Amino acid sequence: MPHPAPGPRHLPFERLHNFRDLGGYRTADGRTLAWGVLYRADSLGKLDGADWDRFLGLGIRTVIDLRYPWEIEAKGRIPQPERFTYANLSIEHRPYDQAEIDPALDPWRYLADRFAEVAEDGVEEIRRTIELIATGPGPAVFHCTSGKDRTGLIAALVLTLLDVPEEEVLADFALTELATERLTADWHAANPGRTMRWPAYGRAPETVMSLVLADLTGRYGSPLAYLTGPVGITPDTVSRLRERLLT
């Protein structure tokens, strides 16, 4: 399980439900991911009022938005993006509506298959995201809509490059489960009159990411081989990432 934080890993916001500090994870060589240097989040387009003030207080300088451009157009991007080194890098290329997934499907295998599509289609955007985390001004945050799948994949890949043990990678992914109830409530509030067909909406159990990492191993030899092969992460990027994030 994740190592205890000096403060809460989940940072409290009124409108954001899944804003997390990735600090505190230990690497295989005994180093630690520093607190306050890398965050993962749900949509920063929801920032307003006291939430915005709280966000600015974190001193974040790099913002990576993993959503489709049409999602940003519909839901908004972070306020005042010119204040930051801001990049829209849509790692997913095949959109789907989780609320409409057939409830008869195996939910975890279905989600893992969508992750496999992202891993195949989004290699350029994944590489650029990781390079920006490694070289852009810090602290940094990356986010999608719910901070669950696209954000969860980037978090898992970054932690893998830092040589964080797999059990920690899986546990980090599953922390979204603490936000599931509020994410589901937000969906209902935003979609009056619609029925949510998929009972697993907003869920993020360890099983999903375990399948994802196993799929990468089966196809490429290991998640690290995927990152250094098809994605094109160089030793220099790994070195910069470790220098920036680890203590």
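The written sequence of each chain sets the order in which its residues are numbered from 1. Where local features are concerned, this predicted model is filtered to residues with pLDDT of at least 70; where side-chain atom pairs are given and counted, the filter is 80 or more; whole-chain, interface and lining totals use all residues. Only hydrogens and water are set aside; all other atoms, that is, all heavy atoms of the structure, feed into the side-chain values.

**Regarding the packing of aromatic side chains**
So, point 1. Aromatic rings from Phe, Tyr and Trp, with only the six-membered ring used for Trp, were paired whenever their centres fell within 6.5 Å, and each pair was classed as stacked if the ring planes differed by under 30 degrees, edge-to-face if by over 60, and tilted otherwise. Throughout the structure, instances matching the rule amount to 11 aromatic pairs.
So, point 2. Between the aromatic rings of phenylalanine 19 and phenylalanine 55, the centroid separation amounts to 6.2 Å while the plane-to-plane angle is 85 degrees, which identifies the pairing as edge-to-face. Taken together, the positions of phenylalanine 19 in the segment before β1 (20-21) and phenylalanine 55 in helix α1 (residues 49-56) put the pair 36 residues apart, joining distant regions of the chain. Like phenylalanine 19, the residue phenylalanine 55 is buried in the burial classification.
So, point 3. Where phenylalanine 55 meets phenylalanine 84, the ring centres are 5.9 Å apart and the plane angle is 70 degrees; that geometry is what we call edge-to-face. Here phenylalanine 84 lies in the loop between α2 (69-75) and β4 (85-88) and phenylalanine 55 lies in helix α1, a separation of 29 residues in the sequence.
So, point 4. Relative accessibility under 20% of the residue-type maximum defines a buried residue, over 50% an exposed one, and the middle range a partly exposed one, all with a 1.4 Å probe and only protein chains included. The buried category is assigned to phenylalanine 84, whose relative accessible area is 11%.
So, point 5. Ring-pair connections join several aromatic residues into one group, and the members of that group are Phe13, Phe19, Tyr39, Trp52, Phe55 and Phe84. Runs of H or I in DSSP of at least four residues are treated as helices and runs of E of at least two as strands, each being numbered from the N terminus.

**So, the nonpolar core**
So, point 1. Nonpolar cores are built from buried Ala, Val, Leu, Ile, Met, Phe, Trp, Tyr and Cys residues. Side-chain atoms within 4.5 Å join them into one set. Counting residues in each nonpolar core, the largest one holds 58 residues, and the members touching the most others are Ile126, Ile130, Ile133, Phe142, Val158, Met209 and Leu241.
So, point 2. Elements with a minimum of two residues in this core: α3 (107-121), α4 (123-135), β5 (140-143), α5 (150-161), α6 (166-174), α8 (206-220), α9 (223-228) and α10 (235-245).
So, point 3. Top contributing element to this core by residue count: α5, with 8 residues.
So, point 4. Once residues lying within four places of it in the same chain are set aside, the contact partners of valine 158 are Leu38, Ile130, Ile133, Leu241 and Leu245.
So, point 5. Core analysis: the second largest hydrophobic core is formed by 16 residues, Phe13, Phe19, Val63 and Val141 among them. Contacts are residue-level and defined by heavy atoms, with any inter-residue pair within 4.5 Å sufficient.

**Describing the sheet that holds β4**
Sheet strands pair via backbone hydrogen bonds, and the direction of the pair is either parallel or antiparallel.
So, point 1. At least two DSSP bridges between two strands are required for those strands to pair. The strand order across the open sheet formed by 5 strands is β1-β2-β5-β3-β4, and the pairing between neighbours is mixed. Each edge of the open sheet carries a strand with a single partner, namely β1 and β4.
So, point 2. When strand β3 (residues 62-65) meets β5, the two strands line up parallel, connected through 4 bridges. Residue aspartate 65 lies in a different strand from β5, and its bridge partner there is histidine 143.
So, point 3. Here α4 sits on the sheet and contacts β2 (38-41), β3, β4 and β5; the angle it forms with β3, its principal contact strand, is near 170 degrees.
So, point 4. All axes are obtained by fitting lines to C-alpha atoms, using only the stretch in contact for helices, and the reported angles, taken between N-to-C directions, cover 0 to 180 degrees. α5 rests against β2 and β5 of the sheet, and its axis sits at about 155 degrees to β2.

**Quick word on the packing of α6 against α8**
So, point 1. Direction vectors running N to C along α6 and α8 enclose 135 degrees, while the axes themselves pass 8 Å from each other. Looking at the two axes, α6 sits oblique to α8. Of the two elements, α6 crosses α8, and the hand of that crossing is right-handed. On the side of α6, the interface is formed by Glu166, Val169, Leu170, Ala171, Phe173 and Ala174, while α8 contributes Glu206, Val208, Met209, Ser210 and Leu213.
So, point 2. Think of it as three bins: nonpolar holds Ala, Val, Leu, Ile, Met, Phe, Trp, Tyr, Cys and Pro, charged holds Asp, Glu, Lys and Arg, and polar takes everything else, Gly as well. Split into classes, the residues belonging to the contact of α6 with α8 amount to 8 nonpolar, 1 polar and 2 charged. Convention used here: angles under 35 degrees read as roughly parallel, angles over 145 as roughly antiparallel, angles from 65 to 115 as roughly perpendicular, and any remaining angle as oblique. By convention the crossing between two helices is left-handed if the near helix lies anticlockwise of the far one by an angle smaller than a right angle, and right-handed if it lies clockwise.

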